[in-house]
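Observations on the three-dimensional arrangement
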Amino acid sequence: IFVKGQRVATETFRIDQQNGTSIIKSQLKETAAPNSAVQKSELEMTSNGELLRYEWSQASGGSLSVAPSNDFLMERMTASGTGKPAEQPFLMPSTTAILDNNFFVHREVLAWRYLAADCKREGGALKCQQGPAQFGALVPQDHNSISVRLELLGKEKIKVRGAERELLRLNLAGESFEWALWVDDQDQFKLIRVAIPADDTEVVRD
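Quick look at the structure, then. Bear in mind the structure is a predicted one, so any value in this text is a computation, not a measurement.

Turning our attention to the environment of Pro 132. Counting through the fold element by element, Pro 132 comes out in the loop between β12 (125–128) and β13 (133–139). Here Pro 132 falls in the partly exposed class, since its relative accessible area comes to 38%. It is 25 Å that separates the C-alpha atoms of Pro 132 and Ile 24, two residues lying 108 residues apart in sequence. Once residues within four sequence positions are removed from consideration, Pro 132 is found in contact with Arg 149, Leu 150 and Glu 151.

Attention now moves to the side chain of Asp 184. Here Asp 184 is to be found in strand β16 (residues 178–184). For Asp 184, a relative accessible area of 8% translates into the label buried. Reaching out from Asp 184, the side chain makes a polar contact with the backbone nitrogen of Gln 186 at a distance of 2.9 Å. When sequence neighbours within four positions are dropped, the list of residues in contact with Asp 184 reads Arg 165, Leu 167, Phe 189, Lys 190 and Ile 192.

The rules we used
- Residues numbered from 1 in each chain as written.
- Predicted model: local features only at pLDDT ≥ 70, side-chain atom pairs only at ≥ 80, totals over all residues.
- Heavy atoms only, no water.
- Helix = DSSP H or I, 4+ residues; strand = E, 2+ residues; numbered from the N terminus.
- Buried < 20%, exposed > 50% of the residue type's maximum accessible area, 1.4 Å probe, protein only.
- Contact = heavy atoms within 4.5 Å.
- Polar contact = N/O pair within 3.5 Å; in protein donor to acceptor, adjacent residues only side chain to side chain.

Here it is as structure tokens:
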């Protein structure tokens, strides 16, 4: 993760699929303080995108979790120290996407959901529905629900680590942000690069 050309953090993640569920584990370390500024998350969901649980914690203290509860998503937050956990319900379906502020792998998972549901191959090319697809999402750190739009723009040639590559570009947008995502349609649609121009931020896959 680079801000103004300087490496500020590294995200390491692992995605496992077993018995119809996917488990996405991620760890974020800041470059300046790799030991103290560690955040971890674990997202478990079904094969059709329904949330089973989400958990987040940081080394300096504090944690939260999100899980379905009847017709709600229930977020439970524990601050640093021994405070009593706080709860906040969201009247949202279990298919709501989790978009943690700190983990870019969640954008990769959302891109996969979009490509699987709204796109299909025709004559070797990927064709998607006209216009952007809408997704409801929960941002746990902000204790907030948002609506986001994803749209496939097509293939683009871009430089990644000094080498030119042809990748699929998607635009991810919300009320107050717009990101560009590039995925490799020749390698399991892995997320290769993210650009956030408004924050002068770039994310590149190692």
